[in-house]
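So you can see what is in the structure, the chains are spelled out below.
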Amino acid sequence: MNPESLVVCDDVARTYGTGPAAVVAVHGSSCIVGSGARIAIAGPSGSGKSTLLHLMAGLERPTRGTVSWPALGSGDERAQDIGVVFQSPSLIPALDVSENTALPLVIAGVAEPDRAQRVAEALALLGIDQLAGKLPEEISGGQAQRVAVARVLAQRPRLLLADEPTGQLDRAAGQRLLDALLDATDHLAAALVVTTHDKAVIERLETRWTMHEGRLHTTIAPAVPS
Ligand SMILES: Nc1ncnc2c1ncn2[C@@H]1O[C@H](COP(=O)(O)OP(=O)(O)OP(=O)(O)O)[C@@H](O)[C@H]1O
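Residues numbered from 1 in each chain as written. Predicted model: local features only at pLDDT ≥ 70, side-chain atom pairs only at ≥ 80, totals over all residues. Heavy atoms only, no water.

**Student:** Which residues make up the overall build of the chain, and what values go with them?
**Tutor:** Along the chain, the regular secondary structure elements total 7 helices and 9 strands. Taken over the C-alpha trace, the chain has a radius of gyration of 17 Å; the compact-globule value for 226 residues is 17 Å, and the two agree within 12%. By its C-alpha atoms, the chain is 50 × 40 × 35 Å across when sized along the principal axes. Out of the 226 residues in the chain, the part that is buried amounts to 47%. Partitioning the intrachain contacts of the chain with sequence separation of at least 6 by distance along the chain shows that 74% fall at a separation of at least 24. Entry remark: accessible area of the chain is about 10800 Å², with carbon and sulfur atoms responsible for 51%. Here the chain contributes 19 positive and 25 negative side-chain charges, whose respective centroids are spaced 4 Å apart. (Helix = DSSP H or I, 4+ residues; strand = E, 2+ residues; numbered from the N terminus. Rg over C-alpha atoms; globule rule 2.2 N^0.38 Å. Buried < 20%, exposed > 50% of the residue type's maximum accessible area, 1.4 Å probe, protein only. Contact = heavy atoms within 4.5 Å. Areas by Shrake-Rupley, 256 points an atom, 1.4 Å probe, with all protein chains shown as cover. Lys, Arg positive; Asp, Glu negative; His and termini not counted. Charge placed at Lys NZ, Arg CZ, Asp CG, Glu CD.)

Here's what the structure looks like:
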């Protein structure tokens, strides 16, 4: 059975700036992320990994080519279906862990008691339910990154895109975060795409793609549907 295509990138390119100052962050790259995929995108700093992830998330528009989400909704529905974990947790200092986790649900208009239930489930999945009442300044960097993941999981996304989620953690904390990410994506039956420099992270994911100077190299040549 073919997995559903959550994201299809067809010859996408993204250039920043114009004229002599233009930087081509992503050259024509094509890929398909199917349901249930576990994909690492590895590559050196500046190779275009974050830009590609942002294109997959719909946070950036390609300057060439197309990104489509055949199996996801559109508009607000798609925004809920795609969860993005950024390199730094970016928690709101005045809100406690529980309130930070709930914030995207508040913005999306998810009402109580569903909201509280989703937040409790996400914090439990990440093993940080005991931190619910703490402020960001009272928790460690590794715990803050877990909160950032919980905040995304509370959306119950079908596609989780994580941009170097372990980049600011030591190896042990990075592995624990990855364990939690893999457990959570299993629990939600979501697909996972992780950009990383970290070999220990790459080895944990079944599918390994690489980026080099803005070009994506997938393990299997993608067959983009016409
Ligand atoms: N908003 C932007 N404006 C101008 N140039 C940008 C912008 N974002 C990225 N770039 C450039 O595009 C190229 C690719 O950057 P990108 O952040 O996608 O790479 P990366 O592989 O994720 O790097 P890292 O691993 O260091 O995060 C780099 O040369 C970068 O300087």
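From this point, the narrative continues.
**Student:** Which residues make up the sheet that holds strand 2 (residues 23-34), and what values go with them?
**Tutor:** One open sheet accounts for 3 strands, arranged 2-1-4; its pairing is antiparallel. Each end of this open sheet is capped by a strand with a single partner; those strands are strand 2 and strand 4 (64-68). Each strand axis lies, on average, 15 degrees off the axis of its neighbour in the sheet, ignoring direction. As defined by bridge partners, strand 1 (residues 5-16) adjoins strand 4 across 4 bridges and the pair is classed as antiparallel. Each residue of the ladder has a partner; that of C9, found in strand 4, is V67. (Pairing = 2+ DSSP bridges. Axes fitted to C-alpha atoms, helices over the stretch in contact; angles between N-to-C directions.)

**Student:** Outline the site of the ligand, listing residues and values.
**Tutor:** Around the ligand there are 14 residues in total, and S45, G46, S50, T51 and E164 lie nearest to it. Measuring from an oxygen atom of the ligand, one finds a side-chain N or O atom of K49 at 2.8 Å. A distance of 3.3 Å separates an oxygen atom of the ligand from a polar atom in the side chain of H197. For the ligand, whose unbound accessible area comes to 630 Å², protein coverage reaches 61%. Of all the secondary-structure elements, those providing two or more residues to the shell around the ligand are strand 2 and helix 1 (49-57). With 3 residues, helix 1 is the single largest residue contributor to the shell around the ligand. Its residues placed into classes, the shell around the ligand shows 4 nonpolar, 8 polar and 2 charged. (Near = heavy atom within 4 Å. Polar contact = N/O pair within 3.5 Å; in protein donor to acceptor, adjacent residues only side chain to side chain. Nonpolar A, V, L, I, M, F, W, Y, C, P; charged D, E, K, R; others polar.)

**Student:** Go over the sheet that holds strand 9 (residues 215-217) with me, naming the residues and quoting the values.
**Tutor:** Read from one edge of the open sheet, 6 strands run 5-6-7-3-8-9, paired in mixed fashion. Two strands in the sheet have a free side with no partner beyond their single neighbour: strand 5 (82-85) and strand 9. Strand after strand, the sheet turns through a mean of 20 degrees between neighbouring axes, direction not considered. Relative to strand 8 (residues 207-212), strand 3 (residues 38-42) runs parallel, the two being bridged by 4 bridges. Bridge assignment links A40 to a residue of strand 8, and that residue is R208. Contacting strand 3, strand 5, strand 6 (159-163), strand 7 (191-196), strand 8 and strand 9, helix 1 crosses the sheet at an angle of about 155 degrees to strand 6. Those strands touched by helix 6 (residues 171-188) are strand 3, strand 6 and strand 7, and its axis lies near 160 degrees from that of strand 7.

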